[in-house]
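Coordinates in review
Residue strings, one per chain:
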Amino acid sequence: MGFLNKKPVIRQEGFHPLELNEDNVRAIFERCLAKPDSKKFSYATLFPTTHGYELGAEKQIQFDTVALVENKRSIEYLFGQIQEAHRTKRPNELTADDCNTTYLGNHWTDDKGTLLKFLYSFCI
């Protein structure tokens, strides 16, 4: 522990669990988006035509692969907090509505944009 401006500075390393909420989802999503200086890219498509969605729904999001790897445990931990992850053995068949209730039964978001960010981050 060091001091900066007479306030203690505590350095913590490793994994720190996050609560599934809109702020945490948005922060991780923004951190993982590809930037102009990104070198490796990963792409996510939530509504592929191969799964019966219309052609216009097939939008890809470009992520920074390094940032995804750095945030992988947090993303998995957030996904582990949704109720349906504990009920089904086939997470590929979850709907968007299945993902907005935590395993404690709490409704964590009404914002479809935040929910889509969560799903895009997880579908890589």
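Refer to the structure printed above.
These lines cover the structure that appears in this document, whether it is placed above or below. (Residues numbered from 1 in each chain as written. Predicted model: local features only at pLDDT ≥ 70, side-chain atom pairs only at ≥ 80, totals over all residues. Heavy atoms only, no water.)

Overview of the overall build of the chain
Definition in use: Numbering of helices and strands runs from the N terminus, with a helix taken as a DSSP run of H or I at least four residues long and a strand as a DSSP run of E at least two residues long. The classification of residues rests on relative accessible area computed with a 1.4 Å probe and restricted to protein chains. Under 20% of the type maximum is buried, over 50% is exposed, and intermediate values are partly exposed. Note on definitions: a residue-residue contact is assigned when non-hydrogen atoms from the two residues lie within 4.5 Å. Per-residue and other accessible areas follow the Shrake-Rupley method at a 1.4 Å probe size, with only the shown protein chains counted as cover for residues.
A count of helices and strands for the chain gives 3 helices and 4 strands. When the helices and strands of the chain are placed in sequence order, the string is β-β-α-β-β-α-α. When burial is assessed residue by residue, the chain has 30% of its 124 residues classed as buried. Considering only contacts within the chain whose residues lie at least 6 apart along the sequence, 53% involve residues at least 24 apart. A total of about 8,900 Å² of accessible surface is found on the chain, and carbon and sulfur atoms cover 51% of it.

Details of the side chain of Thr 114
In this structure, Thr 114 sits in helix H3 (residues 112-122). Excluding its chain neighbours within four sequence positions, the residues that come into contact with Thr 114 are Glu 22, Val 25, Arg 26, Trp 108 and Thr 109.

Focus on helix H1 (residues 22-32)
To keep it simple, the criterion reads: In this description, one arc is meant: the one made by directions from the helix axis to the C-beta atoms.
Turning to H1, its buried residues number three or more, namely Asn 24, Val 25, Ile 28, Phe 29 and Cys 32. Around the axis of H1, the buried residues are gathered within 130 degrees of arc, so they sit on the same side. Those residues of H1 that are buried lie in contact with strand E4 (60-64), helix H2 (65-79) and H3.

Side note on the environment of Glu 19
Along the chain, the position of Glu 19 falls in the loop between strand E2 (7-9) and H1. By relative accessible area, Glu 19 is classed as exposed at 54%. Remark: the alpha-carbon pair of Glu 19 and Gln 81, spanning 62 residues in sequence, is separated by 8.1 Å. Apart from the residues within four sequence positions on either side, Glu 19 is in contact with Asn 24, Leu 78 and Gln 81.

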